[in-house]
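Here's the letter readout for the chains.
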Amino acid sequence: MEGKKGDSVLNRNSEDFEEVSVNCFDGNSFCGKCCIETEMPLTKDDIARIEALGYSREDFTVRDGKIIRLRNVNGKCFFLDSQNRCRIYEHRPEGCRLYPAVFDGKEVIADSICPRWKEVRISEKAKRRLLELIEEIYGVQF
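Numbers given for residues are sequential positions, taken from 1 along each chain in its written order. Only residues with pLDDT of 70 or above have their local features reported here, since the model is predicted, and side-chain atom pairs are shown and tallied only from 80 upward, although totals for entire chains, interfaces and linings are computed over all residues. Side-chain numbers come from the whole structure's heavy atoms, not from hydrogens or water.

Draft legend 1. The arrangement of helix α1 (residues 44–51) in detail. Under the scheme applied here, a residue whose accessible area is under 20% of the maximum for its type counts as buried, over 50% as exposed, and between as partly exposed, the area being computed with a 1.4 Å probe on protein chains only. A run of DSSP states H or I qualifies as a helix once it reaches four residues; a run of E qualifies as a strand once it reaches two. Both are numbered from the N-terminal end. Considered for burial, the residues of α1 that qualify are Asp46, Ile47 and Ile50. One side of α1 holds all its buried residues, which, seen down the axis, span an arc of 95°. Residues of α1 that are exposed and point over 90 degrees away from its buried face: Lys44 and Asp45. Packing partners of the buried residues in α1 comprise α2 (57–60), β2 (61–64), β3 (67–70) and α3 (94–98). Note: the arc covers the axis-to-C-beta directions of the helix. Residues are treated as being in contact if the distance between any of their heavy atoms lies within 4.5 Å.

So, in structure tokens, the structure goes:
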């Protein structure tokens, strides 16, 4: 997925979605680091959207207490292919769309496990949406 001319962004979400921008392609391959040993929580809408693609919830989810997360297979996200590309990219979970934006307990920042975390741009809208998503999943208010 490419951004506008001169824009080196590959994780740009659709125009109607919050913007988090980072170039995940190094010229030869996609990074995929964020999809290794993922702990990505899922919303009910995420699950319904993915099930509508024909996937069985039992295949791509794992329960962690009250939270439902993406399942890892051999240490990688269930949806990560052999070329580190997401098989459901256009339908991926909302948390994946917002990543590498994370909440550090004080503010929304770029996750330092991302090799290009210093280049990440996170819009104010995306920061607000991440906090709303955390509240929806974990019941924590900010």
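And the narrative resumes.
Draft legend 2. Region of the structure containing unusual backbone geometry. Tyrosine 99 connects to proline 100 through a cis peptide bond whose omega is 15°. Relative to the assigned elements, proline 100 resides in the loop between α3 and β6 (101–103). We note that glutamate 37 has phi near 50°; this positive angle belongs to a residue other than glycine. Positioned with a positive phi, asparagine 84 is a non-glycine residue whose angle comes to about 60°. Position of asparagine 84 among the secondary structure elements: in the loop between β5 (76–77) and α3. For asparagine 84, a relative accessible area of 21% gives the class partly exposed.

Draft legend 3. Layout of the packing of aromatic side chains. What counts as a ring pair is set by centres within 6.5 Å for rings of Phe, Tyr and Trp (its six-membered ring), and what kind of pair is set by the plane angle: stacked under 30 degrees, edge-to-face over 60, tilted for all other angles. Inspection of the entire model under this criterion finds five aromatic pairs. Aromatic pair tyrosine 55 and phenylalanine 78: ring centres 6.2 Å apart, planes at 85°, arrangement edge-to-face. With a gap of 23 residues between them, tyrosine 55 in the loop between α1 and α2 and phenylalanine 78 in the loop between β5 and α3 connect regions that are remote in the sequence. A relative accessible area of 25% means that tyrosine 55 is categorised as partly exposed. Residue phenylalanine 78 is classed as buried on the basis of its relative accessible area of 19%. On the basis of an interplanar angle of 45° and a centroid distance of 5.6 Å, the ring pair of phenylalanine 60 and phenylalanine 79 is categorised as tilted. On the criterion of sequence distance, the pair formed by phenylalanine 60 in helix α2 and phenylalanine 79 in the loop between β5 and α3 is long-range, its members being 19 residues apart. There is no split in this pair, since phenylalanine 60 and phenylalanine 79 are both buried.

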